[in-house]
Amino acid sequence: MVSTNDRAWHAGHGYYQSRPRVNNFSIGIEIVNPGYHFSDGAGGYLNWERRRVKPAQLKPFPGMTEARDPWAGSAKLFWPNYPEAQLVAVEALTRALLKSYPSIHDIVGHRDVDGVRKMKVDPGPAFPLRRFKLLMDDRSDNERQPSIMHVAVDDGALNVRGGPGTTFALMDWGPLRNGDEVEVLERVGEWYRIRRWFSGVQKIGWVFARYLKSPD
């Protein structure tokens, strides 16, 4: 809605890392979501104004995330999930912005720049902010050398799948064990495409990014 060459008024009277006038040094991405809801006690929902919400209004959103948030009060709240198509579109836009503006050094939510007034709660706990923060690691040239990382998982075993998601089949050369070294080739959302070598033969698969750590 506003050129990135111009200043938008998306951050209000925000502060970020003690810096005022956040609008002067940030780019805002507006995402459609109706915000938190309350249960009506009968299987339906009330919006933040405690007004009844018709089921059709929530149909575009795939379910709810139940979470309390002190900034929105002490009640149990329900946050509409973001459709994957919407997240994919925002991810594409974020990648383009990171490529065009090398000075961008962080990705935060609206609430993260409203720590003084605490009037904003978006994008809320249903938004996978970590998925977007991981994009910061993709800023260098696509032809860079693979990153070397090690497996670090609580139960000692990390499944390897044929694609970036739990719906993809498990690879027969997994699981990986704590301490195993892998080459990270790329990232899609919260998943890494990795490579391991067995007797000179490469094996390619996908693992959840959370369970790989950079070597000390």
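Our subject is the structure listed above.
A brief look at the structure comes next. Bear in mind the structure is a predicted one, so any value in this text is a computation, not a measurement.

### Structural notes on the pattern of salt bridges
Then, in step 1: Within this structure, the stated rule accounts for twelve salt bridges.
Then, in step 2: With its nearest N and O atoms 2.9 Å apart, the salt bridge here joins Arg 131 to Glu 84. Remark: Glu 84 occurs in helix α2 (residues 84-100) and Arg 131 occurs in helix α3 (residues 129-133); sequence separation between them is 47 residues.
Then, in step 3: Assessed through its relative accessible area of 11%, Arg 131 is described here as buried.
Then, in step 4: For Glu 84, a relative accessible area of 43% gives the class partly exposed.
Then, in step 5: A salt bridge links Glu 183 to Arg 195, with the shortest nitrogen-to-oxygen separation between them at 2.7 Å.

### With respect to the nonpolar core
Then, in step 1: Formed by 18 residues in total, the largest nonpolar core has its most connected members in Tyr 36, Leu 77, Trp 79 and Phe 132.
Then, in step 2: Among the elements of the structure, β5 (77-80) and α2 are those that each provide at least two residues to this core.
Then, in step 3: Per-element accounting of this core gives the leading share, three residues, to α2.
Then, in step 4: Here Leu 77 is in contact with Tyr 36, His 37, Phe 38, Thr 65, Glu 66, Ala 67, Asp 69 and Ala 72, once residues within four sequence places are set aside.

### Overview of the pairing of β5
Then, in step 1: Of the two faces of β5, both are covered, the one formed by Leu 77 and Trp 79 as well as the one formed by Phe 78 and Pro 80.
Then, in step 2: Relative to β5, strand β4 (residues 64-67) runs antiparallel, the two sharing four bridges. For Thr 65, the partnering residue across the bridge sits in β5 and is Trp 79.

### Here we look at the side chain of Arg 196
Then, in step 1: Mapped onto the elements, Arg 196 comes out in strand β10 (residues 191-198).
Then, in step 2: Side-chain polar atoms of Arg 196 contact the backbone oxygen of Glu 181, separated by 3.2 Å.
Then, in step 3: In this structure, Arg 196 is in contact with Trp 173, Leu 176, Asp 180, Glu 181, Val 182, Val 201, Gln 202 and Lys 203, ignoring residues within four places of it in sequence.

### Things to note about the side chain of Asp 114
Then, in step 1: Looking at where Asp 114 falls in the secondary structure, it is placed in the loop between α2 and α3.
Then, in step 2: Exposure remark for Asp 114: the relative accessible area of 3% places this residue in the buried category.
Then, in step 3: A polar contact is formed between the side chain of Asp 114 and the backbone nitrogen of Lys 120, at a distance of 2.8 Å.
Then, in step 4: Contact partners of Asp 114, with chain neighbours within four places excluded, come to Tyr 15, Trp 71, Met 119 and Lys 120.

How each quantity is defined
- Residues numbered from 1 in each chain as written.
- Predicted model: local features only at pLDDT ≥ 70, side-chain atom pairs only at ≥ 80, totals over all residues.
- Heavy atoms only, no water.
- Salt bridge = Lys/Arg side-chain N within 4 Å of Asp/Glu carboxyl O.
- Helix = DSSP H or I, 4+ residues; strand = E, 2+ residues; numbered from the N terminus.
- Buried < 20%, exposed > 50% of the residue type's maximum accessible area, 1.4 Å probe, protein only.
- Core = buried A, V, L, I, M, F, W, Y, C linked by side-chain atoms within 4.5 Å.
- Contact = heavy atoms within 4.5 Å.
- Pairing = 2+ DSSP bridges.
- Polar contact = N/O pair within 3.5 Å; in protein donor to acceptor, adjacent residues only side chain to side chain.

Shape is all these values report; function is a separate question.
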